[in-house]
Amino acid sequence: MFFDVHCHLNDKRFDKDLDDVIERAEKSGVAVINSTVELCEIKEALEFCNRYDNVYLTIGCSPTEFDEAEIEGIIKEIRRNKDKIVGVGEVGLDYYWVKETEKHEKQKKNFRKFIELSNELNLPLVVHSRESNKDVLETLGERSTPALMHCFSGTAEEAQELINLGCLISIPTSVAHSKPRQDVAKKVPLEQMTLETDAPYMAPVPKARNEPANVVSSAKKIAEIKGVDAKEVEEATTRNAKRFFRIK
């Protein structure tokens, strides 16, 4: 069994064939954790959990979102559905799309809100960090909050700092062609690693639409990189995902 710990099934690119996508995941032995980043996605995402046996949900908010009503609405929905979801996220910091320093401070303020919420509700935290790993590490460290670092894009050294804080490093399917992610996959211990697609993004083949079943191929690639059996990667990453998200 595999876990795709992070994808976006609400994306319009899945509108026409989501049933087929989920069926392919199920046939490949892949359980799926869907993630929402907008208030308008939540109702449909909850319906997916009822429709598909192998789909779970985290509710989050894009770090590039600054509308207070949207953010408070998402927080309200997390509280309302805390027993139906497996985590808070993705949330975090993004300095790639947001360049202004004053907005970085606003992002950190919003990030802290979701960290506090995850602690209050005792829900796992899923973190987005793009060109912001130093500030993410500092912000998580304020409350010694471990998290799953979704689609990790930093260096192996930054990954180790996060591991020291108790975080898991999630390797996307783009490890198939990304040299920096291959370097991280080589150096991060399997005991601190999970697999994800971030579908429909980060496909093994650049510019193709990604889907959850592809975590099987990335497990094989990581096994090749680390010089271990693919079954070992499967078992370790699934064990980590189940433990982190408290899934039996």
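Before any of the text, the structure's been laid out above.
Residues numbered from 1 in each chain as written. Predicted model: local features only at pLDDT ≥ 70, side-chain atom pairs only at ≥ 80, totals over all residues. Heavy atoms only, no water.

A. Just the pairing of strand β7 (residues 168–172), in detail. With five of five residues buried, β7 is to be regarded as a mostly interior element. Covered by surrounding structure in β7 are L168, S170 and P172 together with I169 and I171, the residues of both alternating faces. In the classification by handedness, the crossover that spans strand β6 (residues 148–149), the intervening helix α6 (residues 156–164) and the parallel β7 is right-handed. Relative to strand β8 (residues 193–196), β7 runs parallel, the two sharing four bridges. Bridging across to β8, I169 finds its partner in M193. What joins β7 to β8 is helix α7 (residues 179–187), and the crossover it makes is right-handed. (Buried < 20%, exposed > 50% of the residue type's maximum accessible area, 1.4 Å probe, protein only. Helix = DSSP H or I, 4+ residues; strand = E, 2+ residues; numbered from the N terminus. Right-handed = clockwise from strand over helix to strand, strands pointing away. Pairing = 2+ DSSP bridges.)

B. Structural context of unusual backbone geometry. E90 follows G89 through a cis peptide bond whose omega is 15°. The residue E90 is located in strand β4 (residues 87–94) in this model. Here the bond from A199 into P200 is cis, since omega is 10°, no more than 30 degrees from zero. Relative to the elements of secondary structure, P200 occurs in the loop between β8 and α8 (215–226). Despite not being glycine, D198 has its phi angle at roughly 55°, a positive value. For D198, the position within the fold is in the loop between β8 and α8. Its relative accessible area of 8% is what places D198 among the buried residues. For K207, which is not glycine, the phi dihedral falls at a positive 75°. Within the secondary structure layout, K207 lies in the loop between β8 and α8. Accessibility expressed as a relative area gives 89% for K207, which makes it exposed.

C. Examining the sheet that holds β4 more closely. With parallel pairing, eight strands are arranged side by side in an open sheet as β1-β2-β3-β4-β5-β6-β7-β8. Strand pairing shows two members of the sheet lacking a second neighbour, β1 (2–7) and β8, which therefore form its edges. Bridging between strand β3 (residues 55–59) and β4 involves two bridges; their strand directions are parallel. Note that in β4 the partner of T58 across the bridge is G87.

D. The arrangement of the pattern of salt bridges in detail. Scanning the entire structure with this criterion turns up 20 salt bridges. Residue K221 is joined to E224 by a salt bridge in which the shortest nitrogen-to-oxygen separation is 3.5 Å. Note that K221 and E224 are positioned in helix α8 at a spacing of three residues, about one turn of the helix. Measuring nitrogen to oxygen at the nearest pair gives 3.5 Å for the salt bridge that ties K231 to E234. With K231 and E234 both in helix α9 (residues 230–245) and three residues apart, this pair spans about one turn of that helix. Residues joined by salt bridges that share partners form a network here, namely D17, R24, R209 and E211. (Salt bridge = Lys/Arg side-chain N within 4 Å of Asp/Glu carboxyl O.)

E. Local environment of the pairing of β1. Extensive coverage of β1 is indicated by the burial of six of its six residues. Here β1 pairs with strand β2 (residues 30–36) via four bridges, running parallel. In the strand pairing of β2, F3 is matched with A31.

F. Region of interest: a negative patch on the surface. Judged by side-chain charge, E191, D229, E232 and E235 come together as a negatively charged surface patch. On the secondary structure map, E232 appears in helix α9. (Patch = residues over 30% accessible without salt bridge, like charges linked within 9 Å, V, L, I, M, F, W, Y side chains within 5 Å. Areas by Shrake-Rupley, 256 points an atom, 1.4 Å probe, with all protein chains shown as cover. Lys, Arg positive; Asp, Glu negative; His and termini not counted. Charge placed at Lys NZ, Arg CZ, Asp CG, Glu CD.)

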